[in-house]
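Reading the structure
Chain by chain, the residues run as shown.
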Amino acid sequence: MPLGLLALALGGFGIGLAEFVIMGLLPEVAADYQVMMIGRIIAALAHGAFFGIGAVVAASLVAPDKKAGAIAIMFTGLTAANVLGVPLGTLLGQAAGWRATFVAITVIGVLALAGILALVPKAAVGADSGKAVPTSLRGELRAFRSGQVWLSILITILGYGGVFGAFTYIAYTLTEVSGFAASAVPWLLVLFGGGLFLGNTLGGRAADKNVDRTLVTVLAVLVAVLVVFALTAGNQPMTIASIVLLGGVGFATVPGMQMRVMKYATGAPTLASGANIGAFNVGNALGSWLGGVTIMAGLGYTSPVWAAAAITILGLGVAVFAAHQAKRNDGGAAGGGNAGSRQDLELQPV
């Protein structure tokens, strides 16, 4: 495994920690507030750029049949930030002040930067194809002529929107429906994070074999998990199993979603990859908003899970349609391996 992937994973860990640790430190940060919150807005600008460009770089460091696995390794840093970083960062902030946590994040960022400079080849992007990657904005925008790029982005919005539609209000589901004590919620979320880690790894391996088949299969399983979760949320053992599966199956889609948009962006993947990272965040917002609407409508604390299942069904439908279009346009080649064709660059009629 190229050491550059570890440097990218460390960078993902630092950015993920900066993003998510605020959940455990919000009361402390709120007391000192305005300048810090402005700083968080500025720092947030790095999120999409890092993961978008990082996915392209990670894929370029390995053989063509290991690209999704490389992307998964980079995203391992993000999952580790959820599983380990957030609890430890919260403990550090509570013991030594929230500034100590962000000093630690800064140190992680410096180490990641040094690792990337030392271990990631400057010519990594495009090295596997032997072609220079376009650096002009016009060249990067050319990727959006592909109908499959837009379908891939839509799959990301709907599929990941389903995951976070259920996750955003999960604390209320656990306490008000499942009957867990509030003190048990952080530990249950650690189980969710463990599922993220495992699903990310396995999803990357599966996507390297067949992107479309992996996405269709995993999204179908995710729908089943969400339905079972909604139906059995009053049963604590079933709820625990559902949380682990939600994290695992939900994050198993991530490498494939990112790999798919890069596959069809072929010669100009950087901007499309960054746009797909933005699509993850749009999905987060969509799922959270729809879940909030259902709660405000008085449908109860399992209603966000049902709404999440509905969003995921839409994502599954788009994934099936996109896979069918890819097979029709490329004579079956595009749906199998990860090699693109010239047709991928042109907007196909749908």
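The shown structure was predicted, so the numbers you read here are calculated from the model rather than taken from an experiment.

What counts and how
- Numbers given to residues run from 1 along each chain, matching the order in which its sequence is written.
- It should be noted that, the model being predicted, local features are given only for residues of pLDDT at least 70 and side-chain atom pairs only at 80 or more, the latter also being counted only at that level, while totals for whole chains, interfaces and linings use all residues.
- Side-chain metrics in this entry use all non-hydrogen atoms of the structure; hydrogen atoms and water are not considered.
- Classification of ring pairs uses Phe, Tyr and Trp, with its six-membered ring standing for Trp, and accepts pairs whose centres are within 6.5 Å; under 30 degrees between planes counts as stacked, over 60 as edge-to-face, and the remaining range as tilted.
- Note on exposure labels: buried denotes an accessible area under 20% of the residue type's maximum, exposed denotes more than 50%, and partly exposed covers the range between, all computed with a 1.4 Å probe on protein chains only.
- Each helix is a run of H or I in the DSSP string that is no shorter than four residues. Each strand is a run of E no shorter than two, and both are numbered from the N terminus.
- Expected span, for any helix, means 1.5 Å times one less than how many residues it has.
- What the bend at a residue measures is the angle between two axes, fitted to the seven residues ending there and to the seven starting there.
- Here a patch means residues that are over 30% exposed by relative accessible area and free of salt bridges, tied together within 9 Å if like-charged and within 5 Å if nonpolar (Val, Leu, Ile, Met, Phe, Trp, Tyr).
- Using the Shrake-Rupley algorithm and a 1.4 Å probe, accessible areas are obtained, with residue cover drawn only from the displayed protein chains.
- Here a salt bridge means any side-chain nitrogen of Lys or Arg lying within 4 Å of a carboxyl oxygen belonging to Asp or Glu.
- Think of pLDDT as the predictor's per-residue confidence, scored from 0 to 100.
- The contact criterion used throughout is that any non-hydrogen atoms of two residues lie within 4.5 Å.

**Comments concerning the packing of aromatic side chains**
Inspection of the entire model under this criterion finds nine aromatic pairs. Ring geometry for Phe-50 and Phe-51: centres 5.3 Å apart, planes at 90°, overall edge-to-face. The class for Phe-50 is buried, based on a relative accessible area of 19%. Ring plane angle 40° and centroid distance 5.3 Å describe the contact between Tyr-160 and Phe-164, whose orientation is recorded as tilted. Remark: Phe-164 and Tyr-160 occur in helix 7 (residues 147–167); sequence separation between them is four residues, near one turn of the helix.

**Some remarks on helix 4 (residues 67–96)**
Look at helix 4: 41 Å from first C-alpha to last across 30 residues, which is about the 44 Å you get at 1.5 Å a residue. Largest kink in helix 4: about 45°, centred on Gly-85, with the proline Pro-87 one to four residues after it.

**A short note on a nonpolar patch on the surface**
Taken together, the side chains of Met-1, Leu-3, Leu-6 and Leu-119 make up a nonpolar region of the molecular surface, amounting to roughly 410 Å² of accessible area. Examined against the element boundaries, Leu-3 turns out to sit in helix 1 (residues 3–20).

**Concerning the confidence of the model for the protein**
Considering every residue of the protein, the mean pLDDT works out to 82; 87% of them sit at 70 or more. Note on residues 126–134: pLDDT is under 50 here. Beyond four places in sequence and across chains, it has 13 contacts. Predicted confidence is poor over residues 332–350, with pLDDT under 50, and the contacts of this stretch with residues over four places away or in other chains come to 49 contacts.

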